[in-house]
Amino acid sequence: MCRAFSGFTFVFSAFLGLIIFPAEAAIKKYQFDIQVKNVSRLCHAKPIVTVNGRFPGPTIYVREGDRVLINVTNNAQYNMSIHWHGLKQYRNGWADGPAYITQCPIQTGNSYTYDFNVTGQRGTLWWHAHILWLRATVYGAFVIMPKQGTPFPFPQPHQEVEVLLGEWWHADVEEVVKEGTTMGLPPNMSDAHTINGKPGPLFPCSEKHTFVIEVELGKTYLLRIVNAALNDELFFAIAGHNMTVVEVDAVYAKPFTTQAILIAPGQTTNVLVQANQVPGRYFMASRVFMDVPLSIDNKTASAILQYKGVPNTVLPSIPQLPAPNDTEFALSYVKKLRSLNSQQYPANVPLKIDRNLFYTVGFGKNSCPTCLNGTKLLASLNNISFAMPQIGLLQAHYFNIKGVYRADFPDKPPTPFNYTGVPLTANLGTATGTRVSKIAFNSTVELVLQDTNLLTVESHPFHLHGYNFFVVGTGIGNFDHDKDPKNYNLVDPIERNTVGVPTGGWTAIRFKADNPGVWFLHCHLELHTGWGLKTAFVVEDGPGTDQSVLPPPKDLPPC
């Protein structure tokens, strides 16, 4: 349903999906019923997996400092797990959610309560299924308000609106994936993009499936934008209106004004929009960014920003989105992102590094006699394609269960080569295994993620669970270990939880390993994750009583 913006409808809309306690309450409780519901889009109805029958799912509203208990009851035919994307889950990986990494999935007919504290974070995050491709429809926003009495470090908006960008398939997504896997090929791309679950009036049968924001002339609005798409980086713009970026991944940023934003799967961006144009109707639109010649769903999703009192018969203005392959805009936009780095919200960038990691990102082909071309695609970090275990890695670590994983993931690729030179079609001996990297507690880590031209170059948004990190550098071509660190930004680099590695380039991040447990690192393009573009960090316990992994909850799903 379209979002209305009177005080009553805002609260009522939120109440449909969760139980709201008074703002000062320390505990927030929610019930997530995983259920199948028939939903119609693009002249076609199909059953989809939902939370509480809603698509997208309900927004969670909490305050910094709250304890959150979310009981998930699985009534669908698929196993389920939910990831609270960007929540740090200090010492509490049991609440993180990725299936077979920190828990076994919730089986049909069973329940599990995610119990965690929201500490030292405020802003826009999100939640989504973290098993199979179920996050195609199982996702929603997670809004953390500042502590009571703490203002935003930017002008107070008149209203706040969640804007979730997604994808839609005509067919059952899991069947699409199975077909691609059987053939050894990428699955069919989505049939549409969506804004808050609706493709907009540029698609057939979509007049009633259009999200509308009503605004009043002269007022300022905060849009909390989430890219929940499975496989697409997206541009987003509003016709006739600039946006002021004030936050990414629940970290305040130095404000800057732009006509469009670039947002990768897994990322969030908060922007201020002033309703300062001639009253009318204006399209908000999203479209794919892809700067290599690969097949994409290049259709534009749209929603409408409508001034109060303007009739629906007025035709909306169309925004100027960057071209789908506009690398120059993408790189320029990313360079503008800087941490606020104020006295209240400092950027505590690690300056001395204990552990240097260099991971190459590559594709390959393995023999598959039953596949269409006799081969199947796979993806790897440092020539290792990750194999998912049958029990959670965190359980294996905590209970010291042998044989589940090997803690010998290499700090650098086995064989250096010209990573971004001419395309390489040879398989460089890619291995498959459940291999992770062990990290000492409280050590400082620098990780350089290097794209390669193994089969093709491509951009990759990487997400690290359990941590934020600082993006200290990025560039095109091969990372130069001697020269490039001299150009790092160690003063106010952007802090986030998901970062894009540019096509044919590299990105360097830094973080302090102060959160013990097992933490997933993976490309947030679902296609690449499924091919093995993932690994995990096992961060060891510290010496203090409050520096070790908490005991598991009693209702942890069985394996």
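A brief structural summary. What you see is a predicted model; the values in this text were computed from it and never measured.

**Examining empty space enclosed by the protein**
The gaps of empty space that remain are located by a probe, the size of a water molecule, rolled over the atoms.
Moving on, step 1. The full count for this structure, using the stated rule, is three cavities of 30 Å³ or more.
Moving on, step 2. Computed from the structure, the largest cavity encloses a volume of approximately 60 Å³.
Moving on, step 3. Lining of the largest cavity is provided by His 128, Ala 129, His 130, Ile 131, Leu 132, Leu 134, Arg 135, His 522, Cys 523, His 524, Glu 526 and Thr 529.
Moving on, step 4. At the level of secondary structure, the elements contributing two or more residues to the lining of the largest cavity comprise β7 (123-129), β31 (517-523) and α5 (526-530).
Moving on, step 5. Among the residues making up the lining of the largest cavity, the classes are represented as five nonpolar, five polar and two charged.
Moving on, step 6. If you add up the space inside the second largest cavity, you get close to 40 Å³.
Moving on, step 7. As for the second largest cavity, its lining consists of Arg 122, Gly 123, Ile 144, Met 145, Pro 146, Phe 152, Phe 154, Leu 222, Arg 224, Glu 247, Tyr 252 and Asn 270.
Moving on, step 8. Breaking the lining of the second largest cavity down by element, the ones donating at least two residues are β8 (139-145) and β12 (220-227).
Moving on, step 9. Split into classes, the residues belonging to the lining of the second largest cavity amount to seven nonpolar, two polar and three charged.

**What about the pairing of strand β14 (residues 243-248)?**
Moving on, step 1. By the criterion of burial, β14 is predominantly enclosed, with five of the six residues buried.
Moving on, step 2. Pairing geometry for β14 and strand β15 (residues 251-258), over five bridges, is antiparallel. The partner of Val 245 across the bridge, within β15, is Phe 256.
Moving on, step 3. Hairpin geometry of β14 and β15 is characterised by an intervening segment of two residues between the two adjacent antiparallel strands and by a positive phi of about 50° at Asp 249.

**Points about the sheet that holds β31**
Moving on, step 1. Pairing within the open sheet is mixed, and its five strands lie in the order β24-β32-β31-β26-β29. Because the sheet does not close on itself, it has two edges, and the strands there are β24 (437-439) and β29 (498-501). Here the strands of the sheet are splayed against their neighbours by 25° on average, with no regard to which way each runs.
Moving on, step 2. Note that strand β26 (residues 460-464) and β29 share four bridges and pair antiparallel.

**Quick notes on the layout of surface pockets**
Moving on, step 1. By volume, the largest pocket amounts to about 1,100 Å³.
Moving on, step 2. Lining the largest pocket are 44 residues, with Lys 88, Thr 119, Gly 120, Gln 121 and Asp 514 sitting closest to its centre.
Moving on, step 3. Mapped onto the lining of the largest pocket, the elements with two or more residues apiece are β6 (111-117), β15, β27 (469-476) and β30 (505-512).
Moving on, step 4. With five residues, the top contributor of residues to the lining of the largest pocket is β6.
Moving on, step 5. Here the residues of the lining of the largest pocket are counted per class, giving 23 nonpolar, 14 polar and seven charged.
Moving on, step 6. Along its surface, the second largest pocket is lined by 36 residues, and Met 388, Thr 529, Gly 530, Trp 531 and Lys 534 are the ones closest to its centre.
Moving on, step 7. Broken down by secondary-structure element, the contributors of at least two residues to the lining of the second largest pocket are α2 (173-183), β21 (375-381), β22 (384-386), β31 and α5.

**With respect to the pattern of salt bridges**
Moving on, step 1. In this structure the tally under the stated criterion is 15 salt bridges.
Moving on, step 2. For Arg 122, the salt bridge identified is with Glu 64, shortest N-O distance 3.2 Å. One end of the pair, Arg 122, is in the loop between β6 and β7; the other, Glu 64, is in the loop between β3 (60-63) and β4 (67-74), and 58 residues separate them in sequence. The pair Arg 122 / Glu 64 is uniform in exposure class, with both members buried.
Moving on, step 3. Where Glu 160 meets Arg 224, a salt bridge forms, and the shortest distance between an N and an O atom there is 2.8 Å. You can see Glu 160 sitting in strand β9 (residues 159-168) and its partner Arg 224 sitting in strand β12, a full 64 residues away along the chain.
Moving on, step 4. By relative accessible area, Glu 160 is classed as buried at 15%.
Moving on, step 5. Here the salt bridges share partners, and the residues they tie into one network are Lys 254, Arg 338 and Asp 492.

**Focus: the pairing of β4**
Residues in a regular strand project their side chains so that they alternate between the two faces of the sheet.
Moving on, step 1. Taking burial as the measure, the eight residues of β4 include six buried ones, the bulk of the element.
Moving on, step 2. The sheet contact formed by strand β1 (residues 27-41) and β4 spans eight bridges and is parallel. Each residue of the ladder has a partner; that of Lys 29, found in β4, is Leu 69.
Moving on, step 3. Here β4 runs beside β6; their pairing, made up of seven bridges, is antiparallel. Across the sheet, Asn 71 pairs through a bridge with Thr 113, a residue of β6.

What counts as what
- Residues numbered from 1 in each chain as written.
- Predicted model: local features only at pLDDT ≥ 70, side-chain atom pairs only at ≥ 80, totals over all residues.
- Heavy atoms only, no water.
- 1 Å grid on protein atoms, 1.4 Å probe; cavity = no way out; pocket = protein on both sides within 12 Å on 5 of 7 lines; lining within 4 Å.
- Points joined across faces, edges and corners; volume = space filled by probe spheres on them.
- Helix = DSSP H or I, 4+ residues; strand = E, 2+ residues; numbered from the N terminus.
- Nonpolar A, V, L, I, M, F, W, Y, C, P; charged D, E, K, R; others polar.
- Buried < 20%, exposed > 50% of the residue type's maximum accessible area, 1.4 Å probe, protein only.
- Pairing = 2+ DSSP bridges.
- Axes fitted to C-alpha atoms, helices over the stretch in contact; angles between N-to-C directions.
- Salt bridge = Lys/Arg side-chain N within 4 Å of Asp/Glu carboxyl O.

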